[in-house]
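# Summary of the model geometry
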Amino acid sequence: MTHRKTDLPIDPIFLKRWSPRAFDSSPMPEPDLLTLIEAARWAPSAFNVQPWRFLYALRGDAQWQNFLELLDSFNIGWAQNASALVFLLSDRLMFADEPGKAKPSRCHSFDAGAAWAQLALQATRMGYQAHGMAGIDYDLSRIRLQVPERYRIEIAIAVGRRADAAALPAELQEREFPSPRRPIDELAFAGGFPRQTGNSH
Ligand SMILES: Cc1cc2nc3c(=O)[nH]c(=O)nc-3n(C[C@H](O)[C@H](O)[C@H](O)COP(=O)(O)O)c2cc1C
């Protein structure tokens with residue numbers, strides 16, 4: 001993990017989680033995948049609405065190819081060697097004050113993001129890695145996976161066990177390492193937002 005150094009000490013799980021693309025094509029037992037979703041469902045959400053929904057296919061099952069074809073060609077190139085594919089949805093609506101009525105939720109995507117993070121950390125803890133993907137055909141996914149309009153398709157997630165990077169095409173091998181992060185002082189400010197200077201954002 002030469003590229004990862006924290007500014008302050010944190011639990012090692014946060015550094016061990018990363019997004020590899022070299023996976024070993026091994027089958028994943030369904031209870032393992034459900035354990036990742038178990039971790040995800042304990043995420044916090046506004047009003048405890050729990051807007052996340054998970055659609056999944058396991059390598060070798062009847063839905064695998066259908067799920068794989070919903071990714072863009074770049075992602076299919078490497079995710080075809082994953083062990084599970086998960087589509088994470090969020091419910092745009094939440095209960096309203098009036099019984100039986102629903103109203104738009106402001107935090108459904110934010111909450112789904114928390115669930116994704118928990119899923120990914122649990123995957124790392126179990127010897128898998130989870131790789132999030134926005135590179136998917138959202139319109140086709142809605143049709144093929146019969147997702148009602150009320151639900152937003154957030155991302156797809158490839159889960160698998162790591163393989164040797166040598167199995168990847170050369171251009172992906174170069175990117176197959178845990179990435180660094182901006183320093184804390186670029187993104188955390190005591191007090192209000194700092195005055196803008198030059199090209200900073
Ligand atoms: C919402 C989201 C969408 C992403 N989409 C893709 C994608 O379509 N293809 C891909 O190869 N990586 C994708 N990634 C992986 C990111 O590039 C990666 O998480 C980021 O570079 C940080 O690296 P790390 O996860 O290894 O720490 C995505 C990650 C997230 C969280």
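Quick note: structure is the one above.
First, a word on what this report is: a plain description of the structure on this page. (Residues numbered from 1 in each chain as written. Predicted model: local features only at pLDDT ≥ 70, side-chain atom pairs only at ≥ 80, totals over all residues. Heavy atoms only, no water.)

Within strand β2 (residues 84-91), 8 of the 8 residues are buried, leaving the element largely enclosed by the surrounding structure. Side-chain alternation along β2 places A84, V86, L88 and S90 on one buried face and L85, F87, L89 and D91 on a second face that is also buried. Taken together, the 8 bridges between β2 and strand β6 (residues 151-160) define a ladder with antiparallel strand orientation. Residue pairing for β6: L88 is matched across the bridge by I155. (Buried < 20%, exposed > 50% of the residue type's maximum accessible area, 1.4 Å probe, protein only. Helix = DSSP H or I, 4+ residues; strand = E, 2+ residues; numbered from the N terminus. Pairing = 2+ DSSP bridges.)

Here we take up the site of the ligand. Residues in close proximity to the ligand total 16 residues, the closest being R4, R17, S19, H131 and R181. A distance of 2.8 Å is found between a nitrogen atom of the ligand and a side-chain nitrogen or oxygen belonging to N75. Interatomic distance of 2.8 Å between a side-chain N/O atom of R181 and an oxygen atom of the ligand. When the ligand is considered free in solution it has 620 Å² of accessible area, and contact with the protein chains removes 66% of it. Mapped onto the shell around the ligand, the elements with two or more residues apiece are α4 (73-79) and β5 (129-133). A per-class count over the shell around the ligand returns 6 nonpolar, 6 polar and 4 charged. (Near = heavy atom within 4 Å. Polar contact = N/O pair within 3.5 Å; in protein donor to acceptor, adjacent residues only side chain to side chain. Areas by Shrake-Rupley, 256 points an atom, 1.4 Å probe, with all protein chains shown as cover. Nonpolar A, V, L, I, M, F, W, Y, C, P; charged D, E, K, R; others polar.)

The strand order across the open sheet built from 4 strands is β1-β2-β6-β5, with neighbouring strands paired in antiparallel fashion. Here the strands that pair on one side only, and so sit at the sheet edges, are β1 (52-58) and β5. Strand-to-strand, the axes of this sheet are offset by a mean angle of 25°, without reference to chain direction. Bridge count between β5 and β6: 5 bridges; the pairing is antiparallel. In the sheet register, A130 faces β6, and the bridge partner there is V159. (Axes fitted to C-alpha atoms, helices over the stretch in contact; angles between N-to-C directions.)

Further remarks concern the environment of L88. Mapped onto the fold, L88 is located in strand β2. Its relative accessible area of 1% is what places L88 among the buried residues. Each C-alpha atom, one on L88 and one on I37, is 10 Å from the other, the two residues being 51 residues apart in sequence.

Its 18 residues give helix α5 (residues 108-125) an end-to-end C-alpha distance of 26 Å, which sits within 8% of 26 Å, the value for a rise of 1.5 Å per residue. Buried positions along α5 lie against α1 (13-16), α2 (30-41), β1, β2, β5 and β6. (Expected span 1.5 Å × (residues − 1). Contact = heavy atoms within 4.5 Å.)

The subject of this paragraph is the nonpolar core. Counting 24 residues, the largest nonpolar core has L71, W78, A79, L85, F87, M133 and A158 as its most contacted members. Contributing elements (two or more residues each) for this core: α3 (64-68), α4, β2 and β6. The greatest single-element share of this core, amounting to 4 residues, is contributed by β6. In contact with F87, not counting residues within four places along its chain, are R53, F54, L55, F67, L70, L71, I136, S141, L145, I153, I155 and A156. Counting residues in each nonpolar core, the second largest holds 23 residues, with M28, L33, A40 and A43 among its members. (Core = buried A, V, L, I, M, F, W, Y, C linked by side-chain atoms within 4.5 Å.)

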